[in-house]
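A structural walkthrough
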Amino acid sequence: MRSVPPCARVFIACVTVAAVACAVPALTPRTPWLAVALLALLYAGCEQAPRFRIAGRRAPEGMGTFFPVLLAGAFLLPPAAAALVAVPGGLLAPVEQRPQGVRRVWRAAQLALSAWAAATVQALLGGLGAVTAADFPYVLVPVGAAVLAFCCVLSYLDSGILAAARGVPPVPFRRRGVAAVSAAGRGLLLRSLAPVGVHGLAGLMMAVLWRSPYGPLAALLVLLPMYVSCWVFAQYHHERNAHRATIRALVQAVDIKDEYTRGHSERVGQASMMIARELGMDDERVEVLRFAGILHDVGKLGVPTRLLRKDGPLTPQERRIIELHPEYGHEMVRGIGFLGEARTAILHHHERLDGSGYPYGLVGHQIPECARVVAVADAFDAMTSTRSYRRARPVAVAVEELKRCAGAQFDPQMVRALVRALERHGWHPAVTADEPGPHGAVPAARPAPVRADKAS
């Protein structure tokens with residue numbers, strides 16, 4: 001346990017002792033051992049699910065724990081017996097990080113306590129009889145309370161071990177009830193309620209079928225569609241993580257090449273997202289606009305480094321070379337399907353409403369909406385960041401410049417959206433050059449006039 005911090009060791013030991021204390025009352029002949037053994041064996045098999053293949057493909061990493069069997073045990077068994085169901089699967093679950101033994105013990109204890117809490121709440125509300133009699137819709141009340149208890153205990157223990165690993169004592173429960181746990185626990189609870197709720201419904205179906213004349217074999221029919229749906233969902237998240245890794249690699253390459261604009265891409269992505277949300281775009285388009293902002297300068301990978309790092313003014317020929325970067329960027333990302341309309345933003349983010357922009361001199365609404373969003377975000381961050389040829393402008397000055405250029409260079413609607421977002425959330429740009437400063441902003445006394453069209 002050398003790699004486990006002392007506070008975390010104590011926390012794991014306490015949770016393990018509590019789990020053992022909850023499970024010990026089941027060690028009597030009156031426990032329905034056949035049901036416990038079947039459910040424990042089934043859950044242990046489900047924990048090995050990520051090692052299985054569907055259509056020749058292994059399940060993606062991060063598929064998570066398969067809760068329907070645990071919750072079915074909580075709905076069917078006494079609390080102590082329900083805690084036992086989680087132990088074999090938790091101890092046998094695949095673990096990649098070390099120390100593996102400690103992590104397995106922790107997972108088994110955590111799940112045992114969560115299952116015990118769910119079964120206890122359901123028993124207090126008379127859920128055992130309601131499940132056996134399939135008393136709908138009344139059965140949904142104790143089952144819903146049990147799922148909530150399961151989520152609360154699981155989330156609180158997760159936040160507790162994270163706090164203990166950092167050497168901070170976990171924040172205890174507060175007055176606002178079972179949902180009011182520590183700040184981290186509340187966040188975990190809110191994120192887990194929906195998926196665990198779906199698992200809870202599947203567990204309820206398993207429990208009802210288990211008690212029906214069709215018996216335990218019929219209950220197994222619930223697991224296959226649940227496993228397939230979990231596999232597909234995990235595959236989706238796996239692909240999203242791969243997309244983000246691709247974008248991070250491209251952005252890092254640009255940052256390394258153009259050291260004076262390091263961090264600029266991420267900030268433009270953030271500003272683009274702020275504008276998109278202010279315009280009321282749906283979450284999918286907001287994400288696309290974030291990608292567009294982050295990758296808007298990826299074409300600079302095709303521009304000679306000496307031009308990007310040049311301290312003095314550019315010659316007309318050098319400027320024409322740099323102005324090719326939107327086309328370079330569009331060509332680079334043309335085959336990345338998940339970017340969608342972000343590709344057109346990369347190509348057109350230097351177009352101007354009056355037609356004097358590049359690369360194609362588009363006018364007004366000929367410029368795609370996403371490109372008009374990124375153009376404002378790009379100019380705003382460039383003006384509020386220190387560059388090799390000038391110092392940062394204050395936010396208020398940059399906003400006034402955007403307003404002045406609205407209608408000729410920038411879409412007024414996008415400028416107004418950014419202004420509203422800044423009034424609500426503020427802006428704290430990070431340092432993009434070697435000069436230190438609070439929140440990345442270097443105070444500038446009357447900077448030299450720089451038009452917004454130079455900000456990129």
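Fair warning: this is a prediction, and the values are worked out from it, not measured in the lab.

**Looking at the overall build of the protein chain**
Check the secondary structure of the protein chain and you find 19 helices and two strands. In the protein chain, 71% of the contacts between residues at least 6 apart in sequence involve partners at least 24 apart. By element, 62% of the accessible surface of the protein chain is carried by carbon and sulfur atoms, the whole surface being about 22,200 Å².

**Comments concerning the pattern of salt bridges**
In the structure shown here, the tally under the stated rule is 13 salt bridges. With a shortest N-O distance of 2.6 Å, R372 and D411 are connected by a salt bridge. With a gap of 39 residues between them, R372 in helix α17 (residues 369–383) and D411 in the loop between α18 (395–405) and α19 (412–425) connect regions that are remote in the sequence. Linked by salt bridges that have partners in common, E278, R420 and R424 make up one network.

**Observations regarding the packing of helix α2 (residues 33–47) against helix α4 (residues 79–92)**
For any two helices packed against each other, one specifies the inter-axial angle together with the distance between the axes. One way to put it is that α2 packs onto α4 with a least axis distance of 8 Å and a crossing angle of 35°. Where α2 crosses over α4, the two elements pack in a sense that is right-handed. Across the interface between the two elements, W33, V36, L39, A40, Y43, A44 and E47 of α2 pack against A81, L84, V85, A86, P88, G89 and G90 of α4. Across the contact of α2 with α4, the residue classes break down as eleven nonpolar, two polar and one charged.

**Considering the environment of I12**
Inspection of the secondary structure assignment puts I12 in helix α1 (residues 6–23). Assessed through its relative accessible area of 10%, I12 is described here as buried. Sequence spacing of I12 and A109 is 97 residues, and the spatial spacing of their C-alpha atoms is 8.3 Å. Among residues more than four places away in sequence, those in contact with I12 are V4, V102, W106 and I161.

**Re the UniProt feature "transmembrane region" (unreviewed entry) in the protein chain**
Residues given the UniProt feature "transmembrane region" (unreviewed entry) here are residues 66–93, 105–125, 145–168, 188–210 and 216–234. In residues 66–93, helix accounts for 82% and strand for 0%; the two terminal C-alpha atoms are 11 Å from one another. Split by type, residues 105–125 is 95% helix and 0% strand. Its first and last C-alpha atoms lie 31 Å apart.

**A closer look at the packing of helix α11 (residues 264–278) against helix α12 (residues 283–295)**
Interhelical geometry of α11 versus α12 gives an angle of 150° and a closest axis separation of 7 Å. When the interaxial angle is binned, α11 and α12 end up roughly antiparallel. The two elements α11 and α12 cross, and the hand of that crossing is right-handed. Of the residues in α12, those in contact with S265, E266, V268, G269, S272, M273, A276 and R277 of α11 are V286, L289, R290, G293 and I294. For the contact of α11 with α12, the class distribution of residues is six nonpolar, four polar and three charged.

**Re the nonpolar core**
In this structure, F67, V69, L70, F75, L77, F150 and M206 are the most contacted members of the largest nonpolar core, which totals 61 residues. Of all elements in the fold, only α1, α2, α3 (68–76), α4, α5 (100–124), α7 (140–165) and α8 (183–211) reach the threshold of two or more residues within this core. Per-element accounting of this core gives the leading share, nine residues, to α7. Excluding anything up to four places from it in sequence, F67 contacts R107, L111, F150, L154, V196 and H199. Counting residues in each nonpolar core, the second largest holds 46 residues, with V286, L295, A345 and L402 among its members.

**Quick look at the packing of aromatic side chains**
Enumeration according to the criterion identifies two aromatic pairs in this entry. Note on F11 and W106: the rings are 5.8 Å apart at their centroids and 45° apart in plane angle, and the pair reads as tilted. Placement of the pair is F11 in helix α1 and W106 in helix α5, with a sequence separation of 95 residues. Given the relative accessible area of 14%, F11 is considered buried. Of the residues examined, W106 reaches a relative accessible area of 10% and is grouped as buried.

**With respect to α4**
Counting buried positions along α4 yields ten of 14 residues, so the element is predominantly enclosed. Against α1, α2, α3 and α5 lie the buried residues of α4.

**Some thoughts on the confidence of the model for the protein chain**
For the protein chain, the mean per-residue pLDDT works out to 79, and 78% of the residues sit at or above 70. This model gives residues 59–63 a pLDDT under 50, and the stretch forms 15 contacts once residues within four places in sequence are excluded. Note on residues 169–182: pLDDT is under 50 here. Beyond four places in sequence and across chains, it has 23 contacts.

**Regarding unusual backbone geometry**
Between Y358 and the following residue, P359, the backbone shows a cis peptide bond with an omega angle of 15°. Counting through the fold element by element, P359 comes out in the loop between α16 (342–348) and α17.

**Focus: a nonpolar patch on the surface**
Together, V20, V24, L27 and W33 make up a nonpolar patch on the protein surface, roughly 380 Å² of accessible area in all. Position of V20 among the secondary structure elements: in helix α1.

**Considerations on the side chain of S272**
Residue position: S272 is located in helix α11. For S272, a relative accessible area of 0% translates into the label buried. Residue contacts for S272: discarding those within four places in its chain leaves L289, G293, V373, V374 and A377.

Scoring rules and cut-offs
Residues numbered from 1 in each chain as written. Predicted model: local features only at pLDDT ≥ 70, side-chain atom pairs only at ≥ 80, totals over all residues. Heavy atoms only, no water. Helix = DSSP H or I, 4+ residues; strand = E, 2+ residues; numbered from the N terminus. Contact = heavy atoms within 4.5 Å. Areas by Shrake-Rupley, 256 points an atom, 1.4 Å probe, with all protein chains shown as cover. Salt bridge = Lys/Arg side-chain N within 4 Å of Asp/Glu carboxyl O. Axes fitted to C-alpha atoms, helices over the stretch in contact; angles between N-to-C directions. Left-handed = near helix turned anticlockwise from the far one by under 90°. Nonpolar A, V, L, I, M, F, W, Y, C, P; charged D, E, K, R; others polar. Buried < 20%, exposed > 50% of the residue type's maximum accessible area, 1.4 Å probe, protein only. UniProt positions renumbered as here; feature names shortened; annotations may be inferred. Parallel < 35°, antiparallel > 145°, perpendicular 65-115°, else oblique. Core = buried A, V, L, I, M, F, W, Y, C linked by side-chain atoms within 4.5 Å. Phe/Tyr/Trp six-rings, centres within 6.5 Å; stacked < 30°, edge-to-face > 60°. pLDDT = per-residue confidence, 0-100. Patch = residues over 30% accessible without salt bridge, like charges linked within 9 Å, V, L, I, M, F, W, Y side chains within 5 Å.

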